[in-house]
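# A closer look at the structure
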Amino acid sequence: MSFCTTCGAPLKPGARFCEQCGSPVGVAAPVASQPARPAPTARQQPAAAQPAATDLAAQQADAVRRAAQAVANAAEARIDAARAAAGVEHDSPRHYAMQSETSTGAIARSTAAPAGIVAASTAIEIAPYASPFSDKEREASAHLPASAPKHARKMCEKDIAEVSQRVNSLAVSIREHVKKAARDDMDAVQYAGAIIDQMERDGTYHSDVVPFNELETVTRYRANIKERLDADRTVIKDVSAWLDYGVPTFVDDARALAVRMWGTFDQSVLDRAQADYDAAAAAYDQAKQSYLDTAVAYDEKVRLNTKQNIEPSYALPMSASFRRYAKLFLWLVILTLALSLICWLFLHVAIIIMALPIVRLIGIIGAIGFFVASIVMERGVERKRTADLNAQNAAIIAWNAQLQAERQQALVQPKAAMDAAEERRNAARKALEQAKQSVDPDERVAFTSLTNTFVQALDALNRAIEPVVAAIGKQWPIDGFEQAIDDDWMDQLKRHDPPRYMMLHSERADEAQSAAIAQASKVQQEEAIKQTQEQAKQTREQQLQTKIAQKNFEAAEASRREVEWQAQRQADAAARAAQAQIAASQAAEDASNATYNAERSRKQYYDGIKYR
């Protein structure tokens, strides 16, 4: 069965973390006997002992020696700085206290703690909750008597529920806060412990003369880790204990104060306030109904009066006009036919018959005149009717204005009565709300004061968590523990196991040289890549310049061809113009010759006629 290397608790098979302290489970702790010293490999031999085959090998060996010396000097400087911070003299007896036990491999321990490791003080400086009641007093005030008013019992339970919910929600928040803060710190500390255990299992920190677990820094840092874990658990435990006692006790005290407070409630005051409010509400409803009735009565009068308002119109409806005009047109046709029939039946004289179209025309003109006269007379009737409607509407509007004025005047008194009734109702409602809370003022102050005081204590407790956890980190620091342990290890090896010290220095020098070479190689590779990229960039730029030059050349060649083509076109145009000019000259000469020949022919003709 395996055990935890930190707290010694038994571990379950396959467990990755200790259930007791939470430390990671690693390889079991080494036994008391010292392990055999491993035979140094070829890489572990001092670099100075290796034969130099070439000049490059000699240079590498010299570089290794310089790197080892630089590492040693840096380690000694850090150790001296740590001793100076701890107040240890370089040549003091304490400085050389470990050199007297090199034969047995034991290392003398200084009684003073190294720098940064001090005693702990993790108390939460928040005073625990002090109850103002005894158990008997709380028990006596646990519930209201059965004869208490129903309203008092309801309000008492409501106040208790609100206070309980408030403080319980704050308590839950504080528990989560402290667990998160302390658990984060514990995780960091446990990780540091796992790193130290890993360093212990690493072959780099193995020596037959200087045991890793007996190093002062290892012992102190492990003690530091244990104390810091205990302090974090103590913080969680203290906060939980504070809340486990304070919250239930405060809730019981708040219940006792609420019971005492609502035990002084007077139901008669509430009944009177309720009666006053009911009366004021009834009076307000009556005044409001009177106001609404008056307003509705006048609004109904205005509505009925407005209903008689007729919109004036200067013409009859379209359908009526069509019917009227159709009748007039029909009478016009009948009158024309009647006049024609009379002329045809009674006037058979030739003159009359010859004048029949004139008679018909006269009849048509008369009918049209009658038709126009009828329309004009109809428009006069419509205008008179419109004027009457306008007068009637003006009278209705004036009446409505008078009704509105009477309405405003009639509503002044009901509105004032309604406003006064509303003020009385609001005052009665306020008095009713006060009557619902009519308890002893001193008891109310005591209940409120106790609640506020406890909530402030919870807030202070919540604010104190972060400073306490931060103070734990300052009291047991673990920052830089790996370098501090390594410096102490190298210092002890230098004093008690020089061969091992030189071997580690050689290894670290080799590693430093390898790292430097790797870094140089990486730098060279990066530089080569950079140069390659630069060359590729230059090549691309050259190609781009070549393309641009080619495009410019092609553009110049095209421009040259365009100029030659334009010149050729101009030459061809000039040739065609010259040919056209020559043709025009030839045509002019031909025309002149033709004119001359014509004139000569005409002269010969006249001369021939003259001398015949």
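Bear in mind that the values here come from a model prediction, so they are computed numbers and not experimental data.

### Describing the overall build of the protein
Per the secondary structure count, the protein includes 11 helices and zero strands. Ordered by position from N to C terminus, the α and β elements of the protein give α-α-α-α-α-α-α-α-α-α-α. Scored against the burial criterion, the 612 residues of the protein give a buried share of 29%. Pairs at least 24 residues apart make up 83% of the contacts formed inside the protein by residues separated by at least 6 positions. Counting only carbon and sulfur atoms, one obtains 59% of the accessible surface of the protein, whose full area is about 39600 Å².

### As for the nonpolar core
Phe212, Leu243, Phe250, Trp262, Ile485 and Trp489 are the most contacted members of the largest nonpolar core, which totals 75 residues. Mapped by element, the contributors of at least two residues to this core are α3 (150-201), α4 (216-263), α5 (267-307), α8 (356-436), α9 (441-475), α10 (481-496) and α11 (498-610). The element that contributes the greatest number of residues to this core is α4, accounting for 20 residues. The contact partners of isoleucine 485, leaving out residues within four places of it in the chain, are Ile196, Met199, Phe212, Leu215, Thr217, Val218 and Tyr221. Membership of the second largest hydrophobic core comes to seven residues, among which are Tyr284, Ala295, Met418 and Ala421.

### Concerning the pattern of salt bridges
Throughout the structure, instances matching the rule amount to 18 salt bridges. Aspartate 185 is paired through a salt bridge with arginine 228; the nearest N and O atoms lie 2.5 Å apart. Of the two residues, aspartate 185 sits in helix α3 while arginine 228 sits in helix α4, which places them 43 residues apart along the sequence. Since its relative accessible area comes to 10%, aspartate 185 is described here as buried. The salt bridge involving glutamate 200 is made with arginine 222; its shortest N-O contact spans 2.7 Å. Of this pair, glutamate 200 sits in helix α3 while arginine 222 sits in helix α4, and the two are 22 residues apart along the sequence. Take arginine 222: its relative accessible area is 28%, and that puts it in the partly exposed class. Taken together, the salt bridges that share partners define one network made up of Glu557, Arg560, Arg561 and Glu564.

### Concerning the confidence of the model for the protein
Scored by pLDDT, the protein comes out at a mean of 74, with 67% of its residues at no less than 70. This model gives residues 312-319 a pLDDT under 50, and the stretch forms 17 contacts once residues within four places in sequence are excluded.

What counts, and at which threshold
Residues numbered from 1 in each chain as written. Predicted model: local features only at pLDDT ≥ 70, side-chain atom pairs only at ≥ 80, totals over all residues. Heavy atoms only, no water. Helix = DSSP H or I, 4+ residues; strand = E, 2+ residues; numbered from the N terminus. Buried < 20%, exposed > 50% of the residue type's maximum accessible area, 1.4 Å probe, protein only. Contact = heavy atoms within 4.5 Å. Areas by Shrake-Rupley, 256 points an atom, 1.4 Å probe, with all protein chains shown as cover. Core = buried A, V, L, I, M, F, W, Y, C linked by side-chain atoms within 4.5 Å. Salt bridge = Lys/Arg side-chain N within 4 Å of Asp/Glu carboxyl O. pLDDT = per-residue confidence, 0-100.

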